Amino acid sequence: MKELAKREEANRSGKMTSIIFIRDRNSKGQEISGYIDYAHRLKTDDFEPFFLGKKKLLPKPSDLSFFNWETQLVACNHTPNYQVIAENPSGLLFKNKRDRKILNVDPKAASPGDNSTRSVLQSDRYVQVVIYDHITRRKA
């Protein structure tokens, strides 16, 4: 959560948008994974319990993408910041609505895209966490 706290102000101000990939188990012990639009979730959720370690940040069916490995429930949703491009030979892509740049979340891709970085985090609390940061272009 420290890594998310570092990115909070830039995501709130619109200088950056971050997509968080989380793979973990839900309260029923089912493996779930998904991509979370951090800037959007900051506007819709109270992050204090997450930052204080009282609650785990987990993907929801209302996030950019969600998959429950046991029930096979799949969900994809556009957010105010990203359009989901699911029907693509390259795999799942996200298009930033502000600068129209594509974010490629394929871990085998050489780069996640223009103005974007991929950070794989080590965590004792989650099975897998990857943060994709996208610096949005500013019009001069």
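Structure report, in brief.

1. Points about the packing of aromatic side chains
By the definition in use, this model includes eight aromatic pairs. Seen in terms of ring centroids, Tyr35 and Tyr132 are 6.4 Å apart; in terms of plane orientation they differ by 50 degrees. Their pairing is tilted. With Tyr35 in strand E2 (residues 31–37) and Tyr132 in strand E9 (residues 128–135), the pair connects residues that are 97 residues apart, well separated along the chain. Accessibility expressed as a relative area gives 11% for Tyr35, which makes it buried. By relative accessible area, which is 2% here, Tyr132 ends up buried. Here the aromatic residues Phe21, Tyr35, Tyr82, Phe94 and Tyr132 are joined through ring pairs into a cluster of three or more. Here the guanidinium or amino end of Lys56 rests over the ring plane of Tyr126, the centre of that ring lying 5.0 Å away.

2. Notes on the sheet that holds strand E7 (residues 102–104)
Taken together, the three strands give an open sheet; going across it, the order is E5-E6-E7, and neighbouring strands pair in antiparallel fashion. The two strands at the open ends of the sheet, each matched to only one other strand, are strand E5 (82–85) and E7. Between one strand and the next, the sheet's axes are offset by a mean angle of 30 degrees, whatever the strand orientation. As paired strands, E5 and strand E6 (residues 93–96) are joined by four bridges and run antiparallel to one another. Bridging across to E6, Val84 finds its partner in Phe94.

3. Some thoughts on the side chain of Thr79
Relative to the helices and strands, Thr79 resides in the loop between strand E4 (74–76) and E5. Ignoring anything within four residues of it in the chain, the contact list for Thr79 reads Asp37, His40, Leu64 and Lys97.

4. Brief notes about the nonpolar core
Counting 16 residues, the largest nonpolar core has Ile20, Ile22 and Leu57 as the members making the most contacts within it. Contributions of two or more residues to this core are made by strand E1 (16–25), E2, helix H2 (38–44) and E9. Apart from the residues lying within four places of it in its own chain, the contact partners of Leu57 are Met1, Leu4, Ile20, Ile22, Ile36, Arg41, Phe47, Phe50 and Tyr126. Formed by eleven residues, the second largest nonpolar core is a distinct cluster that contains Ile19, Tyr82, Val84 and Val130.

Conventions adopted
Residues numbered from 1 in each chain as written. Predicted model: local features only at pLDDT ≥ 70, side-chain atom pairs only at ≥ 80, totals over all residues. Heavy atoms only, no water. Phe/Tyr/Trp six-rings, centres within 6.5 Å; stacked < 30°, edge-to-face > 60°. Helix = DSSP H or I, 4+ residues; strand = E, 2+ residues; numbered from the N terminus. Buried < 20%, exposed > 50% of the residue type's maximum accessible area, 1.4 Å probe, protein only. Lys NZ or Arg CZ within 6 Å of the ring centre and 35° of its normal. Pairing = 2+ DSSP bridges. Axes fitted to C-alpha atoms, helices over the stretch in contact; angles between N-to-C directions. Contact = heavy atoms within 4.5 Å. Core = buried A, V, L, I, M, F, W, Y, C linked by side-chain atoms within 4.5 Å.

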